[in-house]
Amino acid sequence: MSLQLYNSLTNQMETFESLEPGVVRMYSCGPTVYDFAHIGNFRSFLFGDLLRRTLELFDYQVHHVMNITDVGHMVEGETDKMSEAANRMKVNKKSGRVPEGAVEDPNDPYQIADYYTNAFLEDARKLGYKIASEYPENVPKATDHIEGMQGMIKRLIERDHAYVAEDGVVYFSVESFPKYGELSGNTLEKLQSGAGGRVSDENQSRKRHPADFMLWKPDQHHVMKWDSPWGVGYPGWHIECSVMASELLGRDVIDIHTGGEDLIFPHHECEIAQSCGASGAESFARYWIHARFLMVEGEKMSKSKGNFFTARDVFNGDATGSEVHPAVLRYELIKSHYRANMNFTKKGLEDSSGVVKRMLDFEARLEQETGGQAAEVDLSHPVLSKFAAALSSDLNISEALAVVIPWLRQEHRDPRESLAVWRAVNSVLGITDITEESAGGDPIFDQVQQWGEEMKEARSRKDWDASDAARQKIIDAGYEVQMVKDGGVVITKSLA
Ligand SMILES: [Zn+2]
């Protein structure tokens, strides 16, 4: 089956072909770890996850890499991210979001970055973001790759793509790279006049072109700094992705690069310029795939509007007034097409909760009926082939779900075959493997399982009172119980 993807580089739908048959090398821009990741961040990350899982369904071996941006003061002209982070840390501590004692010194950027890296990984695992379980192998931190960044900057200077300005700052020269602007549609003329928007005014006079961007900034006094041939200082933001992509994926040219649409300019444009400039290759990533924004109840998410939600605000009920199971948030975030703006709503979450519950019940019942023994199926199976065909059309998730959801309700005469189909579907959706355990552990779950055993045992000796008593304890603990044939008991977490 051929996979069609919308490539932002060419602005058209293309048939995906990997450089090496059967293998996909894919890079996703990761989180900046100066605060908790919000649901808009996770929308972008989970779209990358859906793409990766779809490629795996199509039998590609996917080598996926995502960075952690833990270097401070990353973009020239913007306020110092580190002092901003320290202020936010104080706010988060005060509100109890960051527990007392979790971060000793709220002014220490390494402690801040460490804390939020762990928080991110925890949230990402709860949401079934596959790559989070590949930390640290495929999830590198920028601060561990400073040497590589300096190596690439040296190469760029040697190849006349970068220069040291009179104040000692190293800049990339956009005029040395004629393709600059190809991804975003910006032209150097537009950028010259500032129409491209984000060109900073700071240091303008020292740059050869206003759009030239920083690779290394000497700064003795900065809180995160490293030795370099250009003085003690710190790297620009864009260079980290170019370096980590090629170092960890082992290629100058990779297959796929993903990110949110807000990263197209300047970040991804600059990544292309650096990577191609340093390697001399014609391209950096062959397919650029971008996810659109997330809105909340039809409005742009913003702190001032009070509709700015982190993933954990949603889990713990701060966002909507009631706790949300991570599988429900995952479903909510992946269920709309990545090239449509996503509208996060309370109503949507309720709908998602219903679907997720049906999926959990469906799987639990089939597992019970088959003893976990699935048949063998492949993508030619009528349900799977429709599901895969929908995904192959630029990840048309709504169409894919429209195949699966009605199928769950049908009669399943061959549970072993249905289980196999479901497992393939769920390998992409990643819903039912978000168990309490993978979601961070549920101390009462072991106890609940034990009551389930008691209930089974009581039923086998027809002690209905004991069975009812055990059942009631399970329900009181927030779980649901179903009795299935052969005396089995299926317990699922109540999502209501
Ligand atoms: Zn990046």
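Refer to the structure printed above.
My aim in this report is to walk through the structure given alongside it, one point at a time.

What counts as what
- Residues numbered from 1 in each chain as written.
- Predicted model: local features only at pLDDT ≥ 70, side-chain atom pairs only at ≥ 80, totals over all residues.
- Helix = DSSP H or I, 4+ residues; strand = E, 2+ residues; numbered from the N terminus.
- Rg over C-alpha atoms; globule rule 2.2 N^0.38 Å.
- Buried ≥ 20, exposed ≤ 12 C-beta atoms within 10 Å, placed from the backbone.
- Contact = placed C-beta atoms within 7 Å.
- Pairing = 2+ DSSP bridges.
- Right-handed = clockwise from strand over helix to strand, strands pointing away.
- Axes fitted to C-alpha atoms, helices over the stretch in contact; angles between N-to-C directions.
- Expected span 1.5 Å × (residues − 1).

1. Focus: the overall build of the chain
(1) Moving on: Scanning the chain from N- to C-terminus turns up 15 helices and 15 strands.
(2) Moving on: Against the 2.2 N^0.38 benchmark of 23 Å for 496 residues, the chain shows a C-alpha radius of gyration of 25 Å, consistent with a compact globule.
(3) Moving on: In terms of overall dimensions, the chain has a C-alpha envelope of 90 × 55 × 40 Å along the principal axes.
(4) Moving on: Across the 496 residues that make up the chain, the buried fraction comes to 45%.
(5) Moving on: The long-range fraction of contacts in the chain, counting pairs at least 24 apart against all pairs at least 6 apart in sequence, stands at 70%.

2. Some details on the pairing of strand S10 (residues 285-291)
(1) Moving on: Burial analysis of S10 places 7 of its 7 residues in the buried class, which makes it a mostly covered element.
(2) Moving on: Here strand S9 (residues 254-260) runs beside S10; their pairing, made up of 6 bridges, is parallel. Bridging from a neighbouring strand, Ile254 pairs with Ala285 of S10.
(3) Moving on: The handedness of the S9 to S10 crossover, carried by helix H7 (residues 264-279), is right-handed.

3. Describing the sheet that holds strand S8 (residues 233-235)
(1) Moving on: Taken in spatial order, the 4 strands make up an open sheet running S5-S6-S7-S8, and their pairing is antiparallel. In the strand order of this sheet, the two ends are held by strand S5 (162-164) and S8, each with one partner. Direction aside, the axes of adjacent strands within the sheet are offset by 20° on average.
(2) Moving on: The pairing of S5 with strand S6 (residues 170-172) spans 3 bridges and is antiparallel. Across the sheet, the residue bridging to Tyr163 is Tyr171, located in S6.

4. Points about the environment of Leu249
(1) Moving on: Summarising the element assignment, Leu249 is placed in helix H6 (residues 238-249).
(2) Moving on: Between the C-alpha atoms of Leu249 and Met26, which are 223 residues apart in sequence, the distance is 7.8 Å.
(3) Moving on: If near-sequence neighbours (up to four positions away) are discounted, Leu249 is found in contact with Arg25, Tyr27, His63, Val65 and Ile254.

5. A look at helix H13 (residues 415-429)
(1) Moving on: Along its 15 residues, H13 runs 20 Å from first to last C-alpha, staying within 8% of the 21 Å computed at 1.5 Å per residue.
(2) Moving on: The inward-facing, buried residues of H13 contact helix H1 (39-57), helix H10 (346-370), helix H11 (382-392) and helix H12 (397-409).
(3) Moving on: Two residues or fewer past H13, Gly430 is found with a positive phi of approximately 60°.

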